[in-house]
Amino acid sequence: MAAAGVVSGKIIYEQEGVYIHSSCGKTNDQDSLISGILRVLEKDAEVIVDWRPLDDALDSSSILYAGKDSSSVVEWTQAPKERGHRGSEHLNSYEAEWDMVSTVPSKKKPHTTGDAPSHRNGKSKWSFLFSLTDLKSIKQNKEGMGWSYLVFCLKDDVVLPALHFHQGDSKLLIDSLEKYVVLCESPQDKRTLLVNCQSKSLSQSFENLLDEPAYGLIQKIKKDPYTATMVGFSKVTNYIFDSLRGSDPSTHQRPPSEMADFLSDAIPGLKINQQEEPGFEVITRIDLGERPVVQRREPVSLEEWSQNIDSEGRILNVDNMKQMIFRGGLSHALRKQAWKFLLGYFPWDSTKEERIQLQKQKTDEYFRMKLQWKSVSEEQEKRNSRLRDYRSLIEKDVNRTDRTNKFYEGQDNPGLILLHDILMTYCMYDFDLGYVQGMSDLLSPLLYVMENEVDAFWCFASYMDQMHQNFEEQMQGMKTQLIQLSTLLRLLDSGFCSYLESQDSGYLYFCFRWLLIRFKREFSFLDILRLWEVMWTDLPCKNFHLLLCCAILESEKQQIMEKHYGFNEILKHINELSMKIDVEDVLCKAEAISLQMVKCKELPQAVSEILGLQDSEVTTPDSDTGEDENVGMTSPTSTFQSDSLPVLATSGARDDNPTQTSVSPNVSRLTPA
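Residues numbered from 1 in each chain as written. Predicted model: local features only at pLDDT ≥ 70, side-chain atom pairs only at ≥ 80, totals over all residues. Heavy atoms only, no water.

Draft legend 1. Here's a closer look at unusual backbone geometry. Here L539 and P540 are connected by a cis peptide whose omega angle stands at 0°. Positive phi, normally seen in glycine, also occurs at N317, with a value near 50°.

Below, the structure is given as C-alpha cells:
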C-alpha cells in the first residue's frame, strides 16, 4: 500500500460524505466521525483507490461523535508489527450494524475537470490510498441495516478502516471497480467480495478492451480469460504480453515459450492433457487421398420450397430438402418458415393445422414464463441474487448488441427491448443455466429473422439445446471440442500442428470464440444467417463446425508459417480475420474435407467417432464399388446428389446451365415433438 501522499490522475469515481468512524472520541462512549472524499483514479496505467479527509488539517473541534453502542469502530495505524494479527479481529468487529446518527453537513465539492487535484497535505493519519492490484477482498454491510459501509482488505493482510457512506450507498463504487477487476461472493460469507474470483469468469460481461486503459486490459486477460478470449484476443500484441510479464512478480522475466501455459492455467477447466483424455488415440500420418472439388448451388427459393409441400402443409422429401439447404442455403424470404423446421420448433411432418395449434400452445407457455419475472417486485428481486445477476448481465450484453443491423439501431429500439425480454424469459425456462455471456449473440439473428417474440424464443430455446454445453460453468463441452478440433487438424496437416505446438499454440485456444458462439463474430450478420442454416441441416456429418474451423486454419497456414508467427502473432492474426472470411469459400473447403475423410480407407477410429462415421468403410456416390459393398454405417454425405443441383463453384462463379433437382416420391416423416 502506498503512502497517502500527493496523487493526481483521471477521476473514475468520486464520492463525498464517506466517513471513517474512529475510536479517538472525547469520551469513552463516543466515536468520532471523520468526513472524507473517496476517489478511484487512473494514473500511469494504474488504478488507485484514494480516501482522505475533506480537510487534511483535522481539528478535533470539527469532529462529531457517535455513541459506542451504535457502531463498531477500529482505529487504523500503519504500525507494521500490528498488521498480521489485526485483520481477522477487525472484520469480526463489524458484525454490529449502524443505527441512524447525526450527519455532518458536507462541504461544497470542489470544481474538477476530470483530473484529481493534488492535496496540500498527504501526511494525515487517516488518509490512505492503494493500488487495485493490491486489493484482496471487500466486506460489505448487511442490506437494509443503516448506512452502507465497506472494508478493504489488502493482499498483505492489511485491513483498512471501514468507510461509511452517509450519502447514498457503495453500489456505484463497486460498479466502478468491476470495470477493472472481477468480484464475486465468497462461498464462506456472502457479504465478502473476493477479487479476481475465477469461477465468476463465465458470467462477466463483454468489454470493449481496446478502449480500456492498459491496466484494465492486462488484468482482464490475466484474471478473466473467458471474457478476454471473447473480445480481447483480437487486441493482443507483444506489448500486452510484455506488460503481463512485467506487472506481476510471478510472471516477471517469464520466457515467451511459457505464455501458453500461463494462459491455459488461467482458464478454469480448459487445461488439456490429451494423454489423460479417455479414448485418446495417437494419429499417425495417413494418406487421405485427393481432395474433391466442391461446388455450391443457388439458395433454395420460395418456389422450390412450395413445390415440396403437400395439400395439408407437410414438408415432402425432407432429406432432399436438407441437402438443397446445405448446398446453397435459403433465400431470405424463406428463412422465417424454414428455420422453425431446421431448429426443431416445428416437426418436419406436421400439418399446417398442427403447427397453428402448436404455436397457440407455445404462445401461452411463453407468456406464462414471461409473467413470472415481470411480476417480481424490486423488493423480491433484492432477495433473489441470481435473478438480479441475470438481469444485470442481460442488460449489459443487450446494450452491446451489434448495431450495424438496422433492426437493432438506437438505444430504445424495440428489437433491443425484445432481446432483453426473451433472454429474461429464458432464465425462467432454464433457471439452472440462466444467462451466460454470448447467449445474446445467438439470439439476435433469430429475432431478426422471426420478427416475432414468441417464435424467436422457441427457436432460441431449441438452439440452446444444441449449444447448452458451451455455456456450462465447467466448460467440459468447450474442452471436448478443442480436443476434437486438434485431432482433426493433426490428421489433415500434422506439420502445421507441429508448428503450432512449437509456438505454444497447439491447444488452439484462439478458436475458443469460434466454437463458443458458432462463428457469430467472425462473419457479417447476413453471412452468419447463411452459415447457421447450413449447419442446422446436420449435414454432411457430425461436428461439421469443426471442419469449418479446419478450413479457415488451413487457409491461414501459409501466412502463419512463412512469416514465422509466434504465440502472440498467431492470436492476433486469427482474431483479425473477423469479418474478412468468405463464407461460401469456407463452406466449400469444409465439405471437401468431409468428402476426403469419408473416402479414406484408413480413417482413425477417433476421427470416425468425431464425425459420426462409425465404420471407416464408407462409400460415396463417387465410389466405383457396387451396391453390395456399401456395408456399415453410411455417411450423410453419401446421400448427396451433387450432380443434380444448380451449383456455385468454389471460385464464386455460377454455373451457366443449372439443372433442376430431381424430387424423390418418398416422404421422410419425423415423429412430432
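Draft legend 2. The arrangement of helix α9 (residues 332-342) in detail. Among all positions in α9, only L334, R335, A338, W339, K340, F341 and L342 are buried. Where α9 is buried, its residues meet α7 (302-307), α8 (318-328), α10 (352-374), α14 (439-450), α15 (453-467) and α19 (525-535). In the stretch just after α9, G344 is the one whose phi turns positive, near 90°. (Buried < 20%, exposed > 50% of the residue type's maximum accessible area, 1.4 Å probe, protein only. Helix = DSSP H or I, 4+ residues; strand = E, 2+ residues; numbered from the N terminus. Contact = heavy atoms within 4.5 Å.)

Draft legend 3. Examining the packing of aromatic side chains more closely. Applying the stated rule across the entire model yields 25 aromatic pairs. Ring geometry for W51 against F128: centres 6.2 Å apart, planes inclined by 20°, an arrangement best described as stacked. Note that W51 is positioned in strand β3 (residues 46-53) and F128 in strand β5 (residues 128-131), a separation of 77 residues in sequence. Between Y426 and F460 the ring centres are 5.1 Å apart and the planes differ by 70°, which places this aromatic pair in the edge-to-face class. Taken together, the positions of Y426 in helix α13 (residues 414-429) and F460 in helix α15 put the pair 34 residues apart, joining distant regions of the chain. Under the relative-accessibility criterion, F460 is labelled buried at 0%. The aromatic ring of W458 is capped on one face by K362, whose charged end is 4.2 Å from the ring centroid. (Phe/Tyr/Trp six-rings, centres within 6.5 Å; stacked < 30°, edge-to-face > 60°. Lys NZ or Arg CZ within 6 Å of the ring centre and 35° of its normal.)

Draft legend 4. The arrangement of the pattern of salt bridges in detail. Counting across every chain of the model gives 29 salt bridges. Between K336 and E451 there is a salt bridge whose closest N-O contact spans 2.8 Å. One end of the pair, K336, is in helix α9; the other, E451, is in the loop between α14 and α15, with 115 residues separating them in the sequence. Judged by its relative accessible area of 33%, K336 is partly exposed. Since its relative accessible area comes to 54%, E451 is described here as exposed. (Salt bridge = Lys/Arg side-chain N within 4 Å of Asp/Glu carboxyl O.)

Draft legend 5. Looking closely at the nonpolar core. Membership of the largest hydrophobic core comes to 123 residues, with the highest contact counts inside it found for M439, F471, F519 and M597. With residues near it in sequence (within four places) discarded, M597 still touches L488, L491, L492, L547, L603, V607 and L611. If you look at the next biggest cluster of nonpolar residues, it comprises 30 residues, including I34, F152, L160 and Y180. (Core = buried A, V, L, I, M, F, W, Y, C linked by side-chain atoms within 4.5 Å.)

Draft legend 6. How the structure looks around the packing of helix α20 (residues 544-562) against helix α21 (residues 567-575). Their axes nearest at 12 Å, the elements α20 and α21 cross at an angle of 135°. The angle between α20 and α21 falls in the class oblique. Relative to α21, α20 is oriented so that their crossing is right-handed. In this structure, α20 contributes L553, E556, Q559 and I560 to the contact, and α21 contributes I570, H573 and I574. Partitioned by chemical class, the residues of the contact of α20 with α21 number four nonpolar, two polar and one charged. (Axes fitted to C-alpha atoms, helices over the stretch in contact; angles between N-to-C directions. Parallel < 35°, antiparallel > 145°, perpendicular 65-115°, else oblique. Left-handed = near helix turned anticlockwise from the far one by under 90°. Nonpolar A, V, L, I, M, F, W, Y, C, P; charged D, E, K, R; others polar.)

Draft legend 7. Just α8, in detail. With 10 of its 11 residues buried, α8 lies for the most part within the structure. All of the buried residues along α8 are V318, N320, M321, K322, Q323, M324, I325, F326, R327 and G328. G329 sits one or two positions beyond α8 and adopts a positive phi of about 75°.

Draft legend 8. Spotlight on the environment of S131. Mapped onto the elements of the fold, S131 is located in strand β5. Judged by its relative accessible area of 6%, S131 falls in the buried class. C-alpha of S131 to C-alpha of L154: the two residues are 23 residues apart in sequence and 9.5 Å apart in space. When residues no more than four places from it in sequence are discounted, the contact partners of S131 are E46, V47 and I48.

Draft legend 9. Structural context of the pairing of strand β1 (residues 10-22). By the criterion of burial, β1 is predominantly enclosed, with 11 of the 13 residues buried. Sheet topology note: the β1/strand β8 (residues 163-165) ladder contains two bridges and is antiparallel. Bridged to Y19 within β8 is H164. (Pairing = 2+ DSSP bridges.)

Draft legend 10. Just the confidence of the model for the protein, in detail. Of the residues in the protein, 63% have a pLDDT of 70 or more, and the chain-wide mean is 74. Counting contacts from residues 197-226, a segment whose pLDDT is below 50, to residues more than four positions away or on other chains yields 101 contacts. Of the regions scoring below 50 in pLDDT, residues 231-258 engages in 54 contacts with residues more than four places distant in sequence or in other chains. (pLDDT = per-residue confidence, 0-100.)

Draft legend 11. Molecular detail of the packing of helix α16 (residues 476-492) against α20. Their axes nearest at 10 Å, the elements α16 and α20 cross at an angle of 50°. Accordingly, the angle class assigned to the pair α16 and α20 is oblique. Crossing handedness for the pair α16 and α20: right-handed. Across from Q481, Q484, L485, L488, L489 and L492 in α16, the residues of α20 making contact are H545, L546, L547, C549, C550 and L553. Looking at the contact of α16 with α20, its residues break down into nine nonpolar, three polar and no charged.

Draft legend 12. Representation of the side chain of E42. By the secondary structure assignment, E42 is in strand β2 (residues 30-43). Buried charge without a partner: E42 forms no salt bridge, and the closest opposite charge is K10, 4.7 Å away. Polar side-chain contacts of E42 include one of 2.4 Å to the side chain of Y180. (Lys, Arg positive; Asp, Glu negative; His and termini not counted. Polar contact = N/O pair within 3.5 Å; in protein donor to acceptor, adjacent residues only side chain to side chain.)

Draft legend 13. Representation of the side chain of H21. Following the sequence through the fold, H21 ends up in strand β1. Look at H21 and you get buried, because its relative accessible area is 1%. Within the structure, H21 has its side chain in polar contact with the side chain of H166 (distance 3.3 Å).

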